[in-house]
Amino acid sequence: METIHCFAPFISENSRLLILGSMPSVRSLAEGFYYMHPRNRFYLVLSALTGEKLPETLAEKQDFLTRHGIALFDVIASCRREGSTDAKIKDAIPNDIDALLSAYPNIKTVVTNGSLAAKLYEKHNHNALPHFALPSTSPIPRKDIRNADDLIKKWQAIADLL
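Residues numbered from 1 in each chain as written. Predicted model: local features only at pLDDT ≥ 70, side-chain atom pairs only at ≥ 80, totals over all residues. Heavy atoms only, no water.

(A) The overall build of the protein chain, seen in detail. A count of helical and extended segments in the protein chain gives 6 helices and 7 strands. Listed N to C, the secondary structure of the protein chain is β-β-α-α-α-β-β-β-α-β-α-β-α in terms of helices and strands. Among the 162 residues that make up the protein chain, the fraction classed as buried is 48%. Across the protein chain, the fraction of contacts at a sequence separation of at least 24, relative to all contacts at a separation of at least 6, is 62%. Carbon and sulfur atoms provide 53% of the accessible area of the protein chain, an area that totals close to 8,300 Å². For the protein chain, the distance from the average site of its 19 positive side-chain charges to the average site of its 18 negative ones is 6 Å. (Helix = DSSP H or I, 4+ residues; strand = E, 2+ residues; numbered from the N terminus. Buried < 20%, exposed > 50% of the residue type's maximum accessible area, 1.4 Å probe, protein only. Contact = heavy atoms within 4.5 Å. Areas by Shrake-Rupley, 256 points an atom, 1.4 Å probe, with all protein chains shown as cover. Lys, Arg positive; Asp, Glu negative; His and termini not counted. Charge placed at Lys NZ, Arg CZ, Asp CG, Glu CD.)

Set out below in structure tokens:
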């Protein structure tokens, strides 16, 4: 099992909302950007919350994120993992999210995508920004999320921030 590393943050001076995952999937790592697995519902959820067409290409996804002031990063800088599931993560080294937030003062809210991201964010970061811990957009089934509509309802908590 080799060590994998997260991407650099996708962020701009105009970013107002930081969404943190744990570590990109194998597919996302291969494609070089966040949430690129076709079954991940990240862009589906955000497009539903904004009422916009689902972005499909990398350029459309980046444009969508930028227009809505959304920055993306991961709570884990590096780890060892087989496959893509968070349950397989070992030896996680955290990113310094507080330092990132200091460098981008327009970010006013942090959202964590999934329980591991929330747990590690809360453990390693101590800023006073509002934090929304939301369920993972990954396609792995959970008993409280039966379908995309259930997931969209949970993420509705941040709709006014988009």
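More follows now that the structure is in view.
(B) Spatial organisation of the pairing of strand S7 (residues 131-134). Of the pairings in the sheet, the one linking strand S6 (residues 109-113) to S7 comprises 4 bridges and is parallel in character. Its bridge partner being in S7, valine 111 is matched across the sheet by phenylalanine 132. Assessed by its sense of winding, the connection that carries the chain from S6 through helix H5 (residues 115-124) to S7 is right-handed. (Pairing = 2+ DSSP bridges. Right-handed = clockwise from strand over helix to strand, strands pointing away.)

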